[in-house]
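In case you want the letters, here they are:
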Amino acid sequence: FFDARKDNLFSLYSPARYIYEIAVYDAKTLKRKGKLDLNISSETTDEVQLLFPPSGNLFYLRWVPGKEEDGRPPEIITYDATTLKPINRYTTAPATTKKLMLSATGDSLYSIVRGENIIKIDIFQTSDFLYKSSVDLKKFFGPNVTGFGTPDYKNGKLIISETSSTESLKYIYDIFKDTISKKVAIKGNAYLLSETN
């Protein structure tokens, strides 16, 4: 993970068997600045996500404390981006998923929830991570949605894949506007959004 505001590079590494930590490096010199104050189980490393608001001196870390069988809910820790010290810990209700993004202003956290009969986005306010609302995405997506493609977190957009027996469609969902683009048939399965319009 990279925080361009502070030129901090965050790297997950294993100092001991079954344990992971997050080291922090200066992105320009690659000198180590320190590490974050938590030990992460090797079973839950894929749950770790760092989010950096566009401005300010905070960042957020989402992780699952303990091991997978502990059944503990995900936690969000607010950190000071200069001292790398924790400020607050939050457990949200409903629980966040590992598919997260921040709003353009950094005041809302979007958690993409996908289940057997559910496609929605839960929205939390980042000041205290209280639940605000949900956006039901089923109104746009048919039963043939096969996946969310490359996200453009900064601009709040997701590439959606929808397939049927005759064609494969791709389109962009704009979280901030709650709209989709025109659906187009594109072959292949990996895409990037452009830097411009």
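Residues numbered from 1 in each chain as written. Predicted model: local features only at pLDDT ≥ 70, side-chain atom pairs only at ≥ 80, totals over all residues. Heavy atoms only, no water.

Asks: Sorry, what's going on with the overall build of the chain here?
Replies: Scanning the chain for helices and strands turns up zero helices and 18 strands. Relative to its 197 residues, the chain shows a buried fraction of 40%. A separation of at least 24 residues holds for 33% of the contacts in the chain among residues at least 6 apart in sequence. Counting only carbon and sulfur atoms, one obtains 52% of the accessible surface of the chain, whose full area is about 11100 Å². (Helix = DSSP H or I, 4+ residues; strand = E, 2+ residues; numbered from the N terminus. Buried < 20%, exposed > 50% of the residue type's maximum accessible area, 1.4 Å probe, protein only. Contact = heavy atoms within 4.5 Å. Areas by Shrake-Rupley, 256 points an atom, 1.4 Å probe, with all protein chains shown as cover.)

Asks: Could you clarify how one ought to interpret the pairing of strand β7 (residues 58-63) in this entry?
Replies: Side-chain direction in a regular strand flips from residue to residue, so the side chains alternate between the two faces of the sheet. Within β7, five of the six residues are buried, which leaves the element mostly enclosed by the surrounding structure. Bridging between strand β6 (residues 49-51) and β7 involves three bridges; their strand directions are antiparallel. Residue pairing across strands places Leu51 opposite Tyr60, the latter belonging to β7. In sequence, β6 turns back onto β7 through a hairpin of six residues, with Gly56 there showing a positive phi of about 95 degrees. Alignment of β7 against strand β8 (residues 75-80), held across six bridges, turns out to be antiparallel. (Pairing = 2+ DSSP bridges.)

Asks: It is not clear to me how a negative patch on the surface should be interpreted in this structure. Could you clarify?
Replies: A contiguous patch of negative charge, built from Glu43, Glu68, Glu69 and Asp70, is present on the exposed surface. Judged by its relative accessible area of 57%, Glu69 falls in the exposed class. (Patch = residues over 30% accessible without salt bridge, like charges linked within 9 Å, V, L, I, M, F, W, Y side chains within 5 Å. Salt bridge = Lys/Arg side-chain N within 4 Å of Asp/Glu carboxyl O. Lys, Arg positive; Asp, Glu negative; His and termini not counted. Charge placed at Lys NZ, Arg CZ, Asp CG, Glu CD.)

Asks: Help me understand the sheet that holds β8, please; the structure alone is not making it clear to me.
Replies: Strand pairing in a sheet relies on backbone hydrogen bonds. The paired strands run either parallel or antiparallel. Here we have four strands laid out as an open sheet, ordered β6-β7-β8-β9, and antiparallel in their pairing. In this open sheet, the two edge strands, each paired with only one partner strand, are β6 and β9 (86-90). Across the sheet, the axes of successive neighbouring strands diverge by a mean angle of 20 degrees, strand direction being ignored. Sheet topology places β8 next to β9; four bridges connect them, and they run antiparallel. When the sheet's bridge partners are listed, Tyr79 is paired in β9 with Pro86. (Axes fitted to C-alpha atoms, helices over the stretch in contact; angles between N-to-C directions.)

Asks: Looking at this structure, I do not really get the sheet that holds strand β10 (residues 100-102). What am I missing?
Replies: Taken in spatial order, the four strands of this open sheet run β10-β11-β12-β13, and their pairing is antiparallel. Edge strands, defined here as strands with exactly one partner in the open sheet, are β10 and β13 (130-136). Here the average twist between neighbouring strands, direction ignored, is 25 degrees. Here seven bridges tie strand β11 (residues 108-114) to strand β12 (residues 119-125), and the two strands are oriented antiparallel to one another. Residue Val113 lies in a different strand from β12, and its bridge partner there is Lys120.

Asks: Can you walk me through the pattern of salt bridges in this structure?
Replies: For side chains of opposite charge, pairing can occur when their charged atoms come near one another. In the structure shown here, the tally under the stated rule is eight salt bridges. Among the salt bridges present, the one from Arg5 reaches Asp3, with a minimum N-O distance of 2.9 Å. Classification of Asp3 by relative accessible area gives buried; the value is 1%. Across the pair Asp7 and Lys28 runs a salt bridge whose closest N-O atoms are separated by 3.2 Å. Linking Asp7 in the loop between β1 (2-3) and β2 (8-16) with Lys28 in the loop between β3 (19-26) and β4 (32-35), this pair joins segments that are 21 residues apart in sequence. It is possible to trace a salt-bridge network through shared partners that takes in Asp37, Glu75 and Arg89.

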